[in-house]
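So the chains spell out like this:
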Amino acid sequence: MRLGSLLILLALLALPVTAEEGAVRRVACVGDSITFGSGIKDGETMSYPAQLGRMLGEGWEVRHYGVNGASML
């Protein structure tokens, strides 16, 4: 896992989250080819948004908005 991804995850976990019982909390992963999972054989399951979704577990919906070849600048 890249350091940036780890820092984002730690920041998310540090935020106080209040939601109604049973409500789904949503996270949008927006970015370039790193977010997309460029160069990874199985980007659907091995990109960092997919891994983040597994780490957060039930009650969280992680959306993947990475675009291959795009620049964050």
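Below, the structure is looked at part by part. Note that the structure is predicted; figures quoted are calculated from it, not measured.

1. A word on the overall build of the protein chain
Phase 1: On a plain count of helices and strands, the protein chain comes out with four helices and two strands.
Phase 2: Beginning at the N terminus, the succession of helices and strands in the protein chain can be written as α-β-α-α-α-β.
Phase 3: In the protein chain, buried positions account for 19% of the 73 residues.
Phase 4: Considering only residue pairs separated by 6 or more positions, the protein chain has 67% of its internal contacts joining residues 24 or more positions apart.
Phase 5: Just so you have it, the protein chain exposes about 5,500 Å², and 57% of that area is on carbon and sulfur atoms.

2. Description of the nonpolar core
Phase 1: Core analysis: the biggest nonpolar cluster contains five residues, these being Leu9, Val27, Cys29, Leu52 and Leu56.
Phase 2: Breaking this core down by element, the ones donating at least two residues are strand S1 (25–31) and helix H4 (48–56).
Phase 3: Those residues in contact with Cys29 that lie beyond four places of it in its chain are Thr35, Tyr48, Pro49, Leu52, Val62, Arg63, His64, Tyr65 and Gly66.

3. Comments concerning a nonpolar patch on the surface
Phase 1: A cluster of nonpolar residues, Leu6, Leu7 and Leu10, forms a patch on the protein surface that exposes about 270 Å² of accessible area.
Phase 2: Its location among the elements puts Leu6 in helix H1 (residues 3–14).

4. Structural notes on the side chain of Asp32
Phase 1: Note that Asp32 resides in the loop between S1 and helix H2 (33–36).
Phase 2: Only 3.2 Å separates the side chain of Asp32 from the backbone nitrogen of Ile34, close enough to count as a polar contact.

Rules used throughout
Residues numbered from 1 in each chain as written. Predicted model: local features only at pLDDT ≥ 70, side-chain atom pairs only at ≥ 80, totals over all residues. Heavy atoms only, no water. Helix = DSSP H or I, 4+ residues; strand = E, 2+ residues; numbered from the N terminus. Buried < 20%, exposed > 50% of the residue type's maximum accessible area, 1.4 Å probe, protein only. Contact = heavy atoms within 4.5 Å. Areas by Shrake-Rupley, 256 points an atom, 1.4 Å probe, with all protein chains shown as cover. Core = buried A, V, L, I, M, F, W, Y, C linked by side-chain atoms within 4.5 Å. Patch = residues over 30% accessible without salt bridge, like charges linked within 9 Å, V, L, I, M, F, W, Y side chains within 5 Å. Salt bridge = Lys/Arg side-chain N within 4 Å of Asp/Glu carboxyl O. Polar contact = N/O pair within 3.5 Å; in protein donor to acceptor, adjacent residues only side chain to side chain.

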